[in-house]
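Chains, contacts and geometry: an overview
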Amino acid sequence: MSGGGECTPEAVKGFDPTVTDEQVKEGILQAEQVMGRYRNTPDWEKFKFQNNNRGNKLQGILYVKVDEPNCRLQVTDHYSSLYNGERIEEPNPAGTSAFVKNEQGALLWERCENAQDLIASASATFPSRPEEGMHLARHEVGKDIHFWYLGEDGRVATEGCTYRYDLWLNGKPLGQGLSPEVVDGEKGKELRWGFGHRFDAPTSSASGEVFHMVWRKRCAGKETERKVACTAVLVR
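Our subject in this report is the structure included herewith. Just so it is clear, the structure is predicted and the values come from calculations on it, not from any experiment.

Take the packing of aromatic side chains next. Applying the stated criterion across every chain yields a total of 11 aromatic pairs. Taking the centre distance of 6.0 Å and the plane angle of 75° together, the rings of Phe199 and Phe211 count as edge-to-face. Linking Phe199 in the loop between strand E10 (188–198) and strand E11 (209–219) with Phe211 in strand E11, this pair joins segments that are 12 residues apart in sequence. Of the two residues examined, Phe199 and Phe211, each falls in the buried class. Joined through ring pairs, the aromatic side chains of Tyr149, Tyr163, Tyr165, Trp193 and Trp215 make up one cluster. Directly above the aromatic system of Phe126 lies the positively charged group of Arg192, at a separation of 4.0 Å from the ring centroid.

Structure below.
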């Protein structure tokens, strides 16, 4: 409707014939409720522009083709949108890419959720005031770099739970199945997620040396809690 079309069951099924009558009915009802908050208000034109533009990604589309002569996959990454009442497809930044067999071994596929709480430091001692811990981004070749996870969500140990973490450097394994140190602290048994690393050569990538910590908390009868933190340093 933002693009001048009509919101009817026939129109919706024309865009996606797999939806059920009940889904169509519920979707139209929800759309009318949303439009009702903007129609006949000063924000209506802005609302129409936000919903009727070619960059409004409504559905992801992947086309996969087997490239037999080169033994690889050809993957085209598109998205679908509605513009001026018509369904259109647009390419994502990845466009069409060749996916080849991985011959580098294990690689990191986790998305970083926390880029604030994993810090690099010149000190081998856990910060006495973790909430004030500062990240030191630049380090010298041949000098030890100490990394600490300072997040409150991983500070206090819960009785009956186990903790493990994996480390990754620039997407490749650095340490797997490690256990944090357990110490007596102000809040009882506290966890110390830390590790050290040293570089023998300066950083060659503009993105720096990127570290990921994937930590897990397992408690009996509960789903495993999983967090991914990351940070980066430059070595000169």
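Taken together, 3 strands build an open sheet; the order of strands is E1-E2-E3 and the sheet is antiparallel. Of all the strands in the sheet, just strand E1 (59–67) and strand E3 (86–99) have a single pairing partner and so form its edges. Here the strands of the sheet are splayed against their neighbours by 25° on average, with no regard to which way each runs. Pairing of strand E2 (residues 72–83) with E3, which is carried by 10 bridges, proceeds in the antiparallel orientation.

Looking now at the side chain of His212. Relative to the elements of secondary structure, His212 occurs in strand E11. Contact partners of His212, with chain neighbours within four places excluded, come to Leu108, Cys112, Asp166, Leu167, Trp168, Val228, Ala229 and Cys230.

On to the state of the cysteines, then. Under the definition given, this model contains 2 disulfides. With its sulfur 2.1 Å from that of its partner, Cys112 forms a disulfide with Cys230. The chirality of the disulfide connecting Cys112 with Cys230 is left-handed, given an S-S dihedral of about -85°. Highlighted residues: Cys112 in the loop between E3 and strand E4 (118–121) and Cys230 in strand E12 (residues 225–235), separated in sequence by 118 residues. Relative accessible area serves as the criterion here: at 22%, Cys112 is assigned to the partly exposed category. According to the relative accessible area criterion, Cys230 is buried, its value standing at 11%. Once the bonded cysteines of the chain are numbered in order along the sequence, the disulfide links fall as 1-4, 2-3.

Let's shift gears to the pattern of salt bridges. According to the stated counting rule, one finds 17 salt bridges in the structure shown. Residues Arg54 and Glu90 are paired through a salt bridge, measuring 2.6 Å at the closest nitrogen-oxygen approach. Here Arg54 is found in the loop between helix H3 (44–51) and E1, whereas its partner Glu90 is found in strand E3, with 36 residues between them in sequence. By relative accessible area, Arg54 is classed as partly exposed at 40%. A relative accessible area of 16% means that Glu90 is categorised as buried. Glu190 is paired through a salt bridge with Arg192; the nearest N and O atoms lie 3.2 Å apart.

Cut-offs and rules
Residues numbered from 1 in each chain as written. Predicted model: local features only at pLDDT ≥ 70, side-chain atom pairs only at ≥ 80, totals over all residues. Heavy atoms only, no water. Phe/Tyr/Trp six-rings, centres within 6.5 Å; stacked < 30°, edge-to-face > 60°. Helix = DSSP H or I, 4+ residues; strand = E, 2+ residues; numbered from the N terminus. Buried < 20%, exposed > 50% of the residue type's maximum accessible area, 1.4 Å probe, protein only. Lys NZ or Arg CZ within 6 Å of the ring centre and 35° of its normal. Pairing = 2+ DSSP bridges. Axes fitted to C-alpha atoms, helices over the stretch in contact; angles between N-to-C directions. Contact = heavy atoms within 4.5 Å. Disulfide = S-S within 2.5 Å. Salt bridge = Lys/Arg side-chain N within 4 Å of Asp/Glu carboxyl O.

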